[in-house]
Each structure stands twice: as C-alpha cells, then as structure tokens.
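Chain and residue survey
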Protein chains: 6
Amino acid sequence: MSILPALADDQLSPEAAAVFADIRAVRKTDFVNNFWRVLAHDPVALRRTWQSIREVMAPGALDPLTKELIYVAVSMANNCEYCIRSHAAAARAKGMTDAQFMDLVAVVGMAAETNRLATALQVPVDAAFRPAADPPFNQL
Amino acid sequence: MSILPALADDQLSPEAAAVFADIRAVRKTDFVNNFWRVLAHDPVALRRTWQSIREVMAPGALDPLTKELIYVAVSMANNCEYCIRSHAAAARAKGMTDAQFMDLVAVVGMAAETNRLATALQVPVDAAFRPAADPPFNQL
Amino acid sequence: MSILPALADDQLSPEAAAVFADIRAVRKTDFVNNFWRVLAHDPVALRRTWQSIREVMAPGALDPLTKELIYVAVSMANNCEYCIRSHAAAARAKGMTDAQFMDLVAVVGMAAETNRLATALQVPVDAAFRPAADPPFNQL
Amino acid sequence: MSILPALADDQLSPEAAAVFADIRAVRKTDFVNNFWRVLAHDPVALRRTWQSIREVMAPGALDPLTKELIYVAVSMANNCEYCIRSHAAAARAKGMTDAQFMDLVAVVGMAAETNRLATALQVPVDAAFRPAADPPFNQL
Amino acid sequence: MSILPALADDQLSPEAAAVFADIRAVRKTDFVNNFWRVLAHDPVALRRTWQSIREVMAPGALDPLTKELIYVAVSMANNCEYCIRSHAAAARAKGMTDAQFMDLVAVVGMAAETNRLATALQVPVDAAFRPAADPPFNQL
Amino acid sequence: MSILPALADDQLSPEAAAVFADIRAVRKTDFVNNFWRVLAHDPVALRRTWQSIREVMAPGALDPLTKELIYVAVSMANNCEYCIRSHAAAARAKGMTDAQFMDLVAVVGMAAETNRLATALQVPVDAAFRPAADPPFNQL
C-alpha cells in the first residue's frame, strides 16, 4: 500500500541491512516496523534518519518520555496517522498512562483552538513576549 | 493591527470586565495580554476560552510544565507566532530552561520530518501499532 | 481502531453518562456518535467540548446552517475526514443541498489556491486592508 | 517585500493590463490590490486566477456573503494573513457585521479543536456518516 | 466512499460529458479517474479545474516532469493521499525513476524539518534575502 | 526577534564554531545566515542539520536546481517565510529565472486547490493508482 513496497530482510542493500542490524541491537527486538522497511529504498536516508532520531530522542535536558509526548503531540498537529500510532506505542512503552494520553490530547486540542483564534484575529504580539533587544548584526 | 482592535479596560462590556478581573486574580498581575483584549469583542467566547484553558492547563496526569511544553510544540507545528511567543514565555515562567527549549525544538523538527516521510511514502500502519480488536458497536 | 477504544454505554463513568444523557436529550435521538464515545475516556474534556460546541453552534449573529457550512469548510482545510463527514451530515440535516455543498467545495478549493499564491509570493498587505490606527496600549 | 516586486500600471504587459482593466470595470474602482500586482509577473496565471475567482464567487446555490465568510474561514485555517485581511474587508463590503465576524471566528476555533481531537484520537467514522453504497465502478 | 458518489458516464450532464470527452482525447485513454467523476457534480468546477490544470502543467519555463515532481511534493506537504498517489503515477508516466522519487521524498522531509525549525525559533529573515527596495506604491 | 538571540561569531561554542567554519568553507563566503546563528544554541542540532542538508541537497538522481525548486515549493506549502526567501535566493544562485519561479508558484497554487478538492470530496483512490499487490509481511 505504500508508494514503494516495504522491503523484506532479504531485499535489503548491504547498507540498509547494516542499519536494520543496528535498529535491532538498540531496540533489543527482531521487529522492524514498516517505516524503516519503506525508507530502506534510500539507504542513505535510512541511515541518516535513524541516526538523527537516536540523537534527538536520547536523554538530554528533557527526559525520554517528555520528548516522546511532544513527538506524539506534533504528529497529531501534523495529521500523520502512522506517526500518531507508532509514537503513541513508543510513549506507552516508556510509561505513558491512558490518563496522561488524554491530558496530552486535551492540550493538543486546546492549542489548536487558540492557535487559530490568534491567527483569525491577527492578534499582535505583546511587547512583554518579545526579547528586549535585537542582536546587533545581520540586520535582524 | 488585529482585525478588530484590542480593547482597553474602559471599553469592556460588564461580562468581559468580569473575565478580566478573574484573569488578573488568578495570574496575580494587572497585565492582560492582547489575546484576551481582542477576544473580548465576543464576551461569551472570552469566558469560554479562559475557563477552558484554565481547566486544560491545571495540574492533572501531566504536570503544568509538561503541558506547557506540549502547548508550545503544537503552536510551532501550527505556525502561530503569537502562540509560540506567549506560551514560550509561560513555559519559562514555569521553569523551562534554554536547553529544554532547544531540546523541544529539535523534537518538533524531527517529528515534522518523519511525519512527512511517512505521509510521502504512504507507509501502512503495522499491526503491532493497532489495537487488538475493534469495539463491537457503531460499526467501527 | 481509535487509539483508545470507543466506550459502550455501560462502560461510561457517571460523569460521562450524564453528558451522554444530555446529548440524547438535546438531539432527540438515542444515537451517540464515535467522537463522544472515544472522548468519554476524559469525562471533563467530554463535558467541556459538548458544552462549547452547543454554545458556539447556537443561533447567533450567524444562523445555524451558515455556521455548519463554515465548520465543514474548516474541517476540509484542516484535512479531518471524521469531521468532514460528520459535519457534512449535520449540514444536510439543517438543509444543505448538494448544489450548496458543491459551491462550498469550490470556495474551499479556490481559497486554498489563492492562500498559497499569496504566501508563495509573500504579497504585502495593502494599506487599504489594515485598520486606520493601532490601539494606544500594550505596544501593539 | 514580495519575492518579485508588485508591478505599477506602466510596468504591465498588454495581457496583464487587459486583466487590470477588467478588474477595475467589474469592481468599479481604480484601486488594484497588491495580490494582482505581484501575480501580474505571470499574465496567464493572472487572467486564470481572476476569471476563476469571479466564477467561484458569483451568486449561486450559496449567496455571495456566505461564500465570502467561507473564504475568510478557510484563509484563517490556512494561516494566510494577506487573505484573512483582504477577504475580511470584502466580507464587510458585502455586509458582514462585527458580531458575525466574531461568530465566524468562534466556529473556526471550535472546528480547529474538534478537528484535532478527532485526529489525535483517530476516531473511526460512524457508519451513519458514510454513504449507503459505493458506486459500482473504478473499484471505489 | 466520497461525500457525493462518483458519477458513471451515463450519469453526466451534457456539460460534464463534454469535459470527459476532452479528458479522453487529450490523454488518449478511455480511463477517467475518480477525481473528475466526483467533481462532475459541479460541471462548471469540472471544466474550470480541467482547463486550469492543462494550462498550468503545459510545458513552459519548467518542463512537465519538473512540474509534476513539484506537484507531488506539494501534495505530500499538504497531506493528500489521493493527490500523492495519482500525481506519483503521472510523474512515473513522465519518466520519474524510483531513485528520483526517493530523492524527492528526502527533500520534502528535510524541508519539513527546517521549515519547522525556522518557525519554532522565529528566525528573522536576513537582509540578504530581502529585495533591496520596496516598490513606491500601494504602501508596500 | 528570534526566541533565542542569533549568536555572533564570538559567542559560539567550539563545536558550533567548527560547523560555521565548515559552512564558510563549503559555501566559499564569510556570510552565515541567521538560521544557523539561532540554531547554534544547540551545537548538536546545528551539526546534524548542516550535515543532513548537505547530504540531501547534493547532486543525486535529481539535480541540485530541481531539488532546490522542490525545497522552495514545500516551504510555500508549509508557510515558512524564512525558508521561502532563503531557498528562493538559493534557487536563483543555482540559475532559477523569474519565469521558472512563476511557473513553480502556479504549480504550488494549483496543487493546493486540487489537494483540497480531493480532500473536501473524500475522493477514493482509483485502483489504477495503487500497487498491484501488498508485501507479504508485517500485515501491510
């Protein structure tokens, strides 16, 4: 059903197979989901995307669950069913409860409404929400 | 610059003035930002939106800072400058650091990319990400 | 198929059951559509959303059919299949004809095109379309 | 400020000048707004867009004001400042009151919220909202 | 499954039938895809849209394949499954290879990410990217 | 004006400074635009994004100008002023003419319209546009 078919393990290029091996090692499971199987048609994009996700979702100033909640919320705002379902599953695996999920949904809905109200009314940004001074170069 | 002008305190209807009084009491500041001043042209919408935001953003299964981070992320995905700036300010007031903000930005960007990749390739949802069984009514 | 399953009547919390009773009384039908059955996992959001919709869609400066047409058009612009189908059904129930529906579709398409042309070309807003003067406070 | 500069009357190609003459004749004003002045870099697109808009916005199954309200609402959903401001001005010229505008804004905001809730929860479409039968060709 | 049913050839109005005849003549095939069959409920929109697409997609400053690639990319950004699939098929018919398709997908994903990063951070446009001077009319 | 200030060269971390040096070496200019100066608050994201863009935009199955045209088109669809202006400048530097730019704009507008028409009408995908068979694993 994807535009190009999801690839089975024995259809992978050596470069793609190496990324699949890393996905399995990091996730400690043999399961590789369709996103990677379709993206494997472009082994360079496959490697780049996998490495970028690992880097972005690693523990940092925000903990992994908070990052995952943000990922789910953005996927909802961007209307991506695949991403909503796969990252909601990832969030559950990191401890998200049903109540937390419903809280997240309520915030996504509320933000969508006020985002559109502010846009619809073309509300000007208050001075209090702007930086005190612009940087002195590149003609900001 | 808004479509209808932001209203000064002495231009408010009694219903809108009552909401402004509640905003000031809850937030413990005299400052009322432009969003509410423009929305005040519709006192019913003003009251409803204020009450809804209070309800949604109250501590629940998710803590207030996490909710605010999600609010900012969704505002970025929805491309609302007013909302990005005002809720980033709110998040800071609740303790968000610059490093946390940059982490949030990185997740928003990464999700935007993989959201579009999944859509572009029309990747089918894996069975593992779907509920085991559909509810037995309303022909789900 | 929803992320959390739609709830049957005997799975509802007392708070959610009360909202369902009100939906049935107002709509004069026993049928409660899936949107409410899934949202019922969060009874507070269920009540808030139901009350807000009733308030927004009540007769006001715009009549109920015009409001419903706008609701359908926005749902199309936001790419929400559930909302397009459910609100198109609601619009029909309020009298929308096929010809009116096709007129609405034509406007949605035309607006989408010129919206993107204006954005693509970054057309500056004419002075004639801006308010004559900015309000004198909050540094608009 | 546009990507290509808005064109003055004496910079127009003959084809573009003819379209401007028609805009002025139809609107009974010498004023031609920036949208057309920038689009005039592509006289074929200028003519096509002007003719299409005239056709779409003419009285039909929906009256001109209702069409204009839908145009404004879609422009809000699509986040196009130029279009919100220019079509809000057009709607006023056709009789839209401030109260009607605020009603429209409330519907746009409400739809944005429930659109996102339905997407976030991946609510399945009720059978009642689907056509009774699919057409018997093209494997619908 | 569409909101109004796709129309069979013997259900078309004379105006719609004439457009179908032109589609078949231009494309040199008897196949008319569902998009036109549903749009045929509004023969005026059917004719306008068909003529506009022919005009826009004709060879010009950009060649037909490049235009089709852009069409596919925009359809991905706008999240339209029908359009992604039908225009990807059209691009293949014009010579697009799998490798070119995957290159296109990579650019769409990368642009989505940096678009959101620039929005999230509210990066100001560099002077180097703005026109040197504004046109002297319409108060640009 | 950005949420966090654009950084001057002497405010960069060593990691960010190394990326700036590479940007200057590759582009053969001392100019570093604001996007990188704001993103420099997160040196890891700075490096990742710069490397990813270089990889994605390198000559491949599609030539650099075609990739840049797609980048601009997606930025228009995603409504990112910074990205429209900066990548339009990049496209010009790679040879894009005004006529090519206007052709691109016409396609972006046309796609936006038909994308929304297909969504509005919920047109079902023709069998001719779907792959002949689904892959036999992961329950596609």
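The structure this text deals with has already been given above.
For every chain, the first residue of the written sequence is number 1, and numbering continues from 1 along that sequence. Chains carry letters and ligands carry numbers; both start at the beginning, A for chains and 1 for ligands, and go up in the order they are written. Local features in this predicted model are restricted to residues of pLDDT 70 or higher, and side-chain atom pairs are both shown and tallied only at a pLDDT of 80 or more, whereas totals for entire chains, interfaces and linings draw on every residue. To get the side-chain values, all heavy atoms of the structure are used, and hydrogens and water are removed first.

**Describing the relation of the copies chain B and chain D**
Spelled out, the test is: Least-squares superposition of the copies uses the C-alpha atoms of those residues scoring a pLDDT of at least 70 in each of them. Note on contacts: a residue pair qualifies if any of its non-hydrogen atoms lie within 4.5 Å across the two residues.
Mapping chain B onto chain D calls for a rotation angle of 120° and an axial translation of 0.0 Å; the resulting RMSD is 0.0 Å. What the rotation and shift describe, once combined, is the action of a three-fold rotation axis. Residues of chain B ranked by C-alpha distance from the rotation axis are headed by Asn79 of chain B, positioned 4.5 Å from it. By residue overlap, the copies meet through two different surfaces: only 7% of the interface positions of chain B are interface positions in chain D.

**Regarding empty space enclosed by the protein**
In plain terms, the rule: Cavity and pocket criteria rest on a 1 Å grid covering protein atoms alone: a 1.4 Å probe that fits but cannot get out defines a cavity, protein on both sides within 12 Å along at least 5 of 7 lines defines an open pocket, and an atom within 4 Å of a point defines a lining residue. Grid points are joined across faces, edges and corners, and a volume is the space filled by probe spheres set on the points. The helix count covers DSSP runs of H or I at least four residues long, the strand count covers runs of E at least two residues long, and both are numbered beginning at the N terminus. Asp, Glu, Lys and Arg are counted as charged, while Ala, Val, Leu, Ile, Met, Phe, Trp, Tyr, Cys and Pro are counted as nonpolar; the rest, among them Gly, fall into the polar class.
In the structure shown here, the tally under the stated rule is 3 cavities of 30 Å³ or more. In this model, the largest cavity occupies a volume close to 560 Å³. For the largest cavity, the lining is made up of 32 residues, of which Arg116 of chain B, Arg116 of chain C, Arg116 of chain D, Arg116 of chain E together with Arg116 of chain F are closest to its centre. Counting only elements with at least two residues in the lining of the largest cavity, the list comes to α6 (98-121) of chain A, α6 (98-121) of chain B, α6 (98-121) of chain C, α6 (98-121) of chain D, α6 (98-121) of chain E together with α6 (98-121) of chain F. Looking at the lining of the largest cavity, its residues break down into 12 nonpolar, 14 polar and 6 charged. Counted as a void, the second largest cavity has a volume near 60 Å³. If you trace the second largest cavity, you find it lined by Glu113 of chain C, Arg48, Thr49 and Ser52 of chain D, Arg48, Thr49 and Ser52 of chain E together with Met110 and Glu113 of chain F. Where the lining of the second largest cavity is concerned, the elements lending two or more residues are α3 (43-57) of chain D, α3 (43-57) of chain E together with α6 of chain F.

**Overview of the interface of chain A and chain B**
Using the following cut-off: Reported buried area values correspond to the accessible surface (1.4 Å probe) lost by two parts on association, with both partners' losses combined. A pairing counts as a salt bridge when a side-chain nitrogen of Lys or Arg comes within 4 Å of a carboxyl oxygen of Asp or Glu. Here a polar contact means two N or O atoms within 3.5 Å. Within protein one must be a hydrogen donor candidate and the other an acceptor candidate, and residues neighboring in sequence count only if both atoms are side-chain atoms.
Each partner contributes residues to the interface: chain A has 61 residues there, and chain B has 61 residues. Summed over both partners, the interface of chain A with chain B comes to about 5,700 Å²; 72% of that surface belongs to carbon and sulfur atoms. At the boundary of chain A with chain B, the tally comes to 4 salt bridges. One salt bridge connects Asp103 of chain A with Lys67 of chain B, and the closest N-O pair in it is separated by 3.6 Å. Between the two partners, chain A and chain B, sit 22 residue pairs in polar contact (both at pLDDT 80 or more). Put simply, the parts of the chain that give the side of chain A that touches chain B at least two residues each are α2 (34-39), α3 (43-57), α4 (64-77), α5 (81-93) and α6 of chain A.

**Overview of the packing of aromatic side chains**
Our working rule: The criterion for an aromatic pair is that two Phe, Tyr or Trp rings (for Trp, the six-membered ring) have centres within 6.5 Å, with stacked assigned to planes under 30 degrees apart, edge-to-face to planes over 60 apart and tilted to the rest. Partly exposed residues are those whose accessible area sits between 20% and 50% of the maximum for their type, while under 20% is buried and over 50% is exposed, using a 1.4 Å probe and protein chains only.
Under the definition given, this model contains 30 aromatic pairs over all chains. With 6.2 Å between their ring centres and 85° between their planes, Tyr82 of chain C and Phe129 of chain D make a pair best called edge-to-face. Residue Tyr82 of chain C is located in helix α5 (residues 81-93), and its partner Phe129 of chain D is located in the segment after α6; the two belong to separate chains. Given a relative accessible area of 17%, Phe129 of chain D falls into the buried group. An aromatic cluster of at least three residues, connected via ring pairs, comprises Phe31, Phe35, Trp36, Trp50 and Tyr82 of chain A together with Phe129 of chain B.

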